[in-house]
Amino acid sequence: GTRMKSDIPKVLHDVFFSPMIHHVLDALQPLSLGNNIVVTGHRHQMVEEALRGYPLAFVHQAQQLGTGHAVLACENELRSHRGSVLILCGDTPLVRTETLRKFLHTHEECGSLLTVMTTNVADPTNYGRIVSDEHGNIERIVEEKDASPVQKEICEINAGIYCVDAQFLLNALKRVGTDNMQGEVYLTDIVAIATGDGVHVHKFCCPDNEEILGVNSRRELAQAHSVLQNRYFNVLMESGVTLIQPESITIGKHVAIGKDSVIYPNTSLTGKCSVGSGVHIDSFVRIHDCTIGDCVRIGCFTHLEQANVSSWSTIAPHSVDIKT
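Since the model is a prediction, treat every value here as computed from it, not as a measurement.

Novice: What's the story with the sheet that holds strand β18 (residues 286–288) in this structure? I'm lost.
Specialist: Sheets are built from strands that pair by backbone hydrogen bonding, the pairs being arranged parallel or antiparallel. The strand order across the open sheet formed by five strands is β12-β15-β18-β21-β24, and the pairing between neighbours is parallel. Edge strands, defined here as strands with exactly one partner in the open sheet, are β12 (250–251) and β24 (320–322). Looking at chain direction, strand β21 (residues 303–305) and β24 are connected through three bridges and run parallel. If you follow Glu305 over to β24, its bridge partner there is Ile322.

Below is the structure:
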């Protein structure tokens with residue numbers, strides 16, 4: 001996370017009102033996988049504390065020697081496992097549950113030892129490139145820093161999501177060297193090891209490249225927030241809520257709004273809020289942790305926190321109701 005220019009571990013930076021790693025774990029929960037393991041490194045106590053509410057185990061990677069080394073840190077947990085392991089990055093908060101479900105189904109249906117998620121982008125800078133043969137079969141993954149000028153022109157990239165047989169994974173990782181620009185153990189090298197052994201590596205291409213956006217900078221942090229905010233806007237509008245100039249509105253993921261409500265520009269609803277049906281919220285209003293009844297009218301420049309507003313009420317402009 002060096003490009004974040006922060007003392008906070010990258011995966012704990014908020015995206016759409018939650019640490020970005022929460023979004024990854026939330027996408028996994030409906031899949032009901034057997035065991036969830038989070039590999040921690042830099043400032044691991046902070047990360048572990050932020051994830052206490054999730055059903056998972058932690059493995060500490062004392063030295064950060066690459067992605068492959070991070071997975072090898074789980075050797076004790078994986079040694080006795082017979083079956084597949086799903087590997088994701090903690091900095092991809094946009095991945096959807098349904099995409100992961102299809103990915104797992106494809107892996108199981110093909111009976112593959114290793115399936116890699118890829119996608120196509122217009123600008124592949126900073127991503128690992130998918131090197132394929134003339135038949136489109138994946139041969140290896142080349143990281144940006146190790147790619148040749150020709151390979152850097154490849155627009156099919158590694159999404160950083162793998163499904164792999166546990167025993168093959170451990171055996172392959174022990175054969176991975178550090179002969180690369182960063183001197184690290186690359187998880188991506190298991191692809192070349194597999195193909196070199198005659199093992200077919202299956203490729204699952206994610207049609208929506210937005211889902212695999214890796215957050216490595218403040219700019220990408222803002223981009224990911226915008227995507228998740230717009231997804232929730234779509235949920236609200238499809239349920240019957242009117243948003244006027246939604247690009248100027250902020251609505252948190254724990255805000256429920258009833259049908260036929262109208263939200264005007266430059267308004268913020270955050271925290272845990274319940275907003276009834278037929279509510280009109282005027283411009284420049286801030287609402288946090290409130291319960292708003294049906295058919296309420298809230299005037300402009302109003303600030304409400306931890307307030308309960310009865311149905312059919314009218315809140316005058318410039319009102320303030322903050323519980324302390």
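Novice: Would you mind showing me how to read the packing of helix α6 (residues 166–173) against helix α7 (residues 189–196) here?
Specialist: To characterise two packed helices, one gives the angle between the axes of the helices and the distance between these axes. Running from N to C, α6 and α7 cross one another at 100°; their axes reach a closest spacing of 10 Å. Between α6 and α7, the interaxial angle falls into the category roughly perpendicular. Within the contact between the two elements, α6 uses Phe168, Leu169, Ala172 and Leu173 and α7 uses Ile190, Ile193 and Ala194. Within the contact of α6 with α7, the residues separate by chemical class into seven nonpolar, no polar and no charged.

Novice: Help me understand the state of the cysteines, please; the structure alone is not making it clear to me.
Specialist: Here a disulfide denotes one covalent bond, and it connects the sulfur atoms of two cysteines. Taken as a whole and assessed by the stated rule, the structure comprises zero disulfides. Here Cys290 is not cross-linked by a disulfide; its sulfur's nearest cysteine counterpart is in Cys273, at 5.3 Å. Under the relative-accessibility criterion, Cys290 is labelled buried at 2%.

Novice: What is the right way to look at the sheet that holds strand β23 (residues 314–315) in this model?
Specialist: Pairing is parallel in the open sheet, where five strands are placed in the order β11-β14-β17-β20-β23. Whereas interior strands pair on both sides, the edge strands pair on one side only; in this sheet they are β11 (242–243) and β23. Sheet analysis places strand β20 (residues 297–298) next to β23, joined by two bridges and oriented parallel. Bridged to Ile298 within β23 is Ile315.

Novice: Could you clarify how one ought to interpret the packing of aromatic side chains in this entry?
Specialist: The description of an aromatic ring pair uses the distance of the two centres, along with the angle that the planes make with each other. Inspection of the entire model under this criterion finds four aromatic pairs. Judged by centre distance (5.4 Å) and plane angle (55°), the rings of Phe16 and Phe17 are tilted. Phe16 gets classed as buried once you look at its relative accessible area, which sits at 5%. Assessed through its relative accessible area of 37%, Phe17 is described here as partly exposed. Plain terms: the ring middles of Phe103 and Phe204 are 5.5 Å apart, the flat faces sit at 70° to each other, and that makes the pair edge-to-face. Taken as a pair, Phe103 in helix α5 (residues 97–110) and Phe204 in strand β10 (residues 202–205) lie far apart in primary sequence, 101 residues in all. Since its relative accessible area comes to 0%, Phe103 is described here as buried. In this structure an aromatic cluster arises from ring pairing among Phe16, Phe17 and Tyr232.

Parameters and conventions
- Within every chain, residues take consecutive numbers counted from 1 along the sequence as written.
- The model is predicted, so local features are restricted to residues of pLDDT at least 70 and side-chain atom pairs to those at 80 or more, both for listing and for counting; the totals for chains, interfaces and linings are taken over all residues.
- Excluded from the side-chain calculation are hydrogens and water; included are all heavy atoms of the structure.
- If DSSP finds at least two bridges between two strands, the strands pair.
- Elements are defined by DSSP. Helices are runs of H or I of four residues or more, strands are runs of E of two residues or more, and each kind is numbered from the N terminus.
- In this description, a line fitted to the C-alpha atoms serves as the axis of each element, helices being fitted only across the stretch in contact, and the angle between N-to-C directions of two axes falls anywhere from 0 to 180 degrees.
- In what follows, roughly perpendicular refers to angles from 65 to 115 degrees, roughly parallel to angles under 35, roughly antiparallel to angles over 145, and oblique to any angle outside these ranges.
- By the convention used here, residues are in contact when the closest approach between their heavy atoms is within 4.5 Å.
- In this classification, the charged set is Asp, Glu, Lys and Arg, the nonpolar set is Ala, Val, Leu, Ile, Met, Phe, Trp, Tyr, Cys and Pro, and all remaining amino acids, among them Gly, are polar.
- By disulfide we mean two sulfur atoms from cysteines, separated by a distance within 2.5 Å.
- Exposure is judged per residue with a 1.4 Å probe applied to protein chains only, and the accessible area is read against the type maximum: over 50% gives exposed, under 20% gives buried, and values in between give partly exposed.
- Aromatic pairing here means that ring centres of Phe, Tyr or Trp (its six-membered ring) are within 6.5 Å. Orientation follows from the plane angle: under 30 degrees is stacked, over 60 is edge-to-face, and everything else is tilted.

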